[in-house]
Amino acid sequence: MQSALFLALRHDGGRMERGGRRRGSEAEEAEKGRMKRTIIKDWKTRLSYFLQNSSHSTKMKSKKVGKHRTYFRPSPEEAQLWSEAFDELLANKYGLAAFRAFLKSEFCEENIEFWLACEDFKKTKSPQKLTSKAKKIYNDFIEKEAPKEINIDFQTKNMIAQNIQEATHTCFSAAQKRVYSLMENNSYPRFLESEFYQELCKKTPITRAAQGT
């Protein structure tokens, strides 16, 4: 009798334990789904903001249209060109804005920010500005526990630390190539498969542009 009662209790206990694990797993999956939806929603909001502001800065005709603003989004054909090469994406202001928003959603925007900082750095002509920009890039992205620290090896970090003492336009070349390769081989393919990029390639826009008269 006692053996039968023990087996019954053990059976019920095991069933309850499995049920608890299943409910716990379902709760975890639901939480992951909720977080993903929140990130995607935030991503779309950010991208819409980037597209509006980047176009607004060059296409605004406020004096003629009063309070109305004319916003432009890339055509599906233009967006589709971004899939041909990573350079095509970076060279397009809308593509760059979309890619930055995507990296923001993946919490790795420091890569594109570093790459852009390097592009600006290489265009600097003043030796004084070159030195100050080199130090800022190092403080922001390179040194240990920098606020936007990028993922590069110890040797490259040491080389940069030495190079910025007498800054030249090639101070960050090795690190920039490394970061470019990471984005091209990892983030770029995921971006092309993302929901928002796929929607940009469709004929129907996500938001309707406000047309000026």
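Attention in this report is confined to the structure presented alongside it. (Residues numbered from 1 in each chain as written. Predicted model: local features only at pLDDT ≥ 70, side-chain atom pairs only at ≥ 80, totals over all residues. Heavy atoms only, no water.)

## Section: the pattern of salt bridges
One pass over the structure, following the stated rule, counts 7 salt bridges. Between glutamate 106 and arginine 190 there is a salt bridge, with the nearest N and O atoms lying 2.7 Å from each other. With glutamate 106 in the loop between helix 5 (93-105) and helix 6 (110-122) and arginine 190 in helix 9 (residues 173-193), the pair connects residues that are 84 residues apart, well separated along the chain. With a relative accessible area of 28%, glutamate 106 lands in the partly exposed category. Overall, arginine 190 belongs to the partly exposed group, its relative accessible area being 38%. Across the pair glutamate 149 and lysine 157 runs a salt bridge, and its minimum N-O distance is 2.4 Å. Residue glutamate 149 is classed as partly exposed on the basis of its relative accessible area of 30%. (Salt bridge = Lys/Arg side-chain N within 4 Å of Asp/Glu carboxyl O. Helix = DSSP H or I, 4+ residues; strand = E, 2+ residues; numbered from the N terminus. Buried < 20%, exposed > 50% of the residue type's maximum accessible area, 1.4 Å probe, protein only.)

## A closer look at the packing of helix 6 against helix 7 (residues 127-142)
Direction vectors running N to C along helix 6 and helix 7 enclose 170 degrees, while the axes themselves pass 11 Å from each other. It follows from the interaxial angle that helix 6 and helix 7 lie roughly antiparallel. Taking contact as the criterion, the partners of Glu110, Glu113, Phe114, Ala117, Cys118, Asp120 and Phe121 in helix 6 are, on helix 7, Leu130, Lys133, Ala134, Ile137, Phe141 and Ile142. Here the residues of the contact of helix 6 with helix 7 sort into 9 nonpolar, no polar and 4 charged. (Axes fitted to C-alpha atoms, helices over the stretch in contact; angles between N-to-C directions. Parallel < 35°, antiparallel > 145°, perpendicular 65-115°, else oblique. Contact = heavy atoms within 4.5 Å. Nonpolar A, V, L, I, M, F, W, Y, C, P; charged D, E, K, R; others polar.)

## A word on unusual backbone geometry
Peptide bonds are mostly trans, and most non-glycine residues show a negative phi. Located in the positive-phi region is phenylalanine 107, a residue other than glycine, with phi close to 60 degrees. Note that phenylalanine 107 resides in the loop between helix 5 and helix 6. The phi dihedral of glutamate 145 falls on the positive side, at around 60 degrees, and the residue is not glycine. With respect to the helices and strands, the residue glutamate 145 is situated in the loop between helix 7 and helix 8 (154-163).

## Some remarks on the nonpolar core
Generally speaking, nonpolar side chains in soluble globular proteins are found buried as a group. Core analysis: the biggest nonpolar cluster contains 41 residues, and Trp82, Phe99, Phe114, Ile142, Phe172 and Phe191 have the highest contact counts within it. When contributions to this core are tallied by element, the ones reaching two or more residues are helix 4 (86-91), helix 5, helix 6, helix 7, helix 9 and helix 10 (195-200). Top contributing element to this core by residue count: helix 9, with 7 residues. Every residue in contact with phenylalanine 172, bar those within four places of it in the chain, is listed here: Phe114, Cys118, Phe121, Ala134, Ile137, Tyr138, Ile142, Ile160 and Ile164. (Core = buried A, V, L, I, M, F, W, Y, C linked by side-chain atoms within 4.5 Å.)

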